[in-house]
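Examination of the molecular architecture
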Amino acid sequence: MDRVSKMVSEKPVVIFSKTQCCMSHTIRSLFCDFGVNPTVYELDEISRGREIEQALSRLGCNPTVPAVFIGGEFVGGANEIMSLHLKRSLKPMLKRAGALWV
C-alpha cells in the first residue's frame, strides 16, 4: 500500500494498466487526446506488479485495471473516468492537479 501511495504522489496523473487491457488503452488515449501525459505502470511488465495489483484491489479497485489516480487520489476505473468526462468534470480535475494547462 505504501508503495502505491508513493507511486501516485509523484505525478499528477497515474494509470495502473495491463498491456493487453483494451479499457486501459482507451483511458490512456483519452488523456493523451486532452494533452495530458499520464504516468502509466503496466502491471504485467514491471517488477512487483502482482503485489501492486493486490494493493489496488485492497483500495477498492475492482477490476484492478485501469486504476486512475489524479492529484494523488484514486478516481476510479474506466467507468468512473468516462462518467466524469461526460459530465465535463474530468478536465477541471486535471487542471487542478496540474496535468492540464489549457
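This text goes with the structure placed above it.
Parameters at a glance
Residues numbered from 1 in each chain as written. Predicted model: local features only at pLDDT ≥ 70, side-chain atom pairs only at ≥ 80, totals over all residues. Heavy atoms only, no water. Pairing = 2+ DSSP bridges. Helix = DSSP H or I, 4+ residues; strand = E, 2+ residues; numbered from the N terminus. Right-handed = clockwise from strand over helix to strand, strands pointing away. Phe/Tyr/Trp six-rings, centres within 6.5 Å; stacked < 30°, edge-to-face > 60°. Buried < 20%, exposed > 50% of the residue type's maximum accessible area, 1.4 Å probe, protein only. Axes fitted to C-alpha atoms, helices over the stretch in contact; angles between N-to-C directions. Parallel < 35°, antiparallel > 145°, perpendicular 65-115°, else oblique. Left-handed = near helix turned anticlockwise from the far one by under 90°. Contact = heavy atoms within 4.5 Å. 1 Å grid on protein atoms, 1.4 Å probe; cavity = no way out; pocket = protein on both sides within 12 Å on 5 of 7 lines; lining within 4 Å. Points joined across faces, edges and corners; volume = space filled by probe spheres on them. Nonpolar A, V, L, I, M, F, W, Y, C, P; charged D, E, K, R; others polar. Polar contact = N/O pair within 3.5 Å; in protein donor to acceptor, adjacent residues only side chain to side chain.

Comments concerning the pairing of strand S2 (residues 39–42)
In the sheet, strand S1 (residues 13–17) pairs with S2 via four bridges, with the strands oriented parallel. Each residue of the ladder has a partner; that of Ile15, found in S2, is Val40. With respect to chirality, the unit in which S1 leads through helix H2 (residues 22–34) into the neighbouring parallel S2 is right-handed.

With respect to the packing of aromatic side chains
One pass over the structure, following the stated rule, counts three aromatic pairs. Taken together, a centroid distance of 5.5 Å and an interplanar angle of 25 degrees make the contact between Phe16 and Tyr41 stacked. Taken as a pair, Phe16 in strand S1 and Tyr41 in strand S2 lie far apart in primary sequence, 25 residues in all. Residue classification places Phe16 among the buried positions, given a relative accessible area of 0%. An angle of 80 degrees between the planes, with centres 5.8 Å apart, marks the rings of Phe16 and Phe69 as edge-to-face. Of the two residues, Phe16 is situated in strand S1 and Phe69 in strand S3 (residues 67–70); the sequence distance between them amounts to 53 residues. By relative accessible area, which is 4% here, Phe69 ends up buried. One aromatic cluster is present, built from ring pairs that chain together Phe16, Tyr41, Phe69 and Phe74.

A few points about the packing of H2 against helix H4 (residues 78–86)
The relative placement of two packed helices is expressed as an angle between their axes plus a distance between the axes. For the pair H2 and H4, the least separation of the axes is 10 Å and the interaxial angle reads 30 degrees. Between H2 and H4, the interaxial angle falls into the category roughly parallel. Crossing hand, H2 versus H4: left-handed. Note on element contacts: H4 touches H2 through Ala78, Ile81, Met82 and His85, opposite Met23, Ile27, Leu30, Phe31 and Phe34.

Some points on the layout of surface pockets
Here the largest pocket is characterised by a volume of approximately 160 Å³. If you trace the largest pocket, you find 13 residues lining it, with Asn62, Pro63, Gly77, Ala78 and Glu80 closest to the centre. At three residues, H4 tops the list of elements feeding residues into the lining of the largest pocket. Of the residues in the lining of the largest pocket, the class split is seven nonpolar, five polar and one charged.

Some words on the side chain of Glu42
Structurally, the position occupied by Glu42 is in strand S2. Residue class for Glu42 comes out buried when judged on its relative accessible area of 13%. In this structure the side chain of Glu42 is engaged in a polar contact, spanning 3.0 Å, whose partner is the backbone nitrogen of Thr19.

Quick look at the sheet that holds S3
An order of S2-S1-S3-S4 is seen for the four strands of this open sheet, with the pairing classed as mixed. Looking at strand neighbours, the two that pair on one side only are S2 and strand S4 (73–76), the edges of this open sheet. Taking the axes of each pair of neighbouring strands and ignoring which way they run, one obtains an average angle of 25 degrees across the sheet. Here S3 runs beside S4; their pairing, made up of three bridges, is antiparallel. Bridge assignment links Val68 to a residue of S4, and that residue is Gly76.

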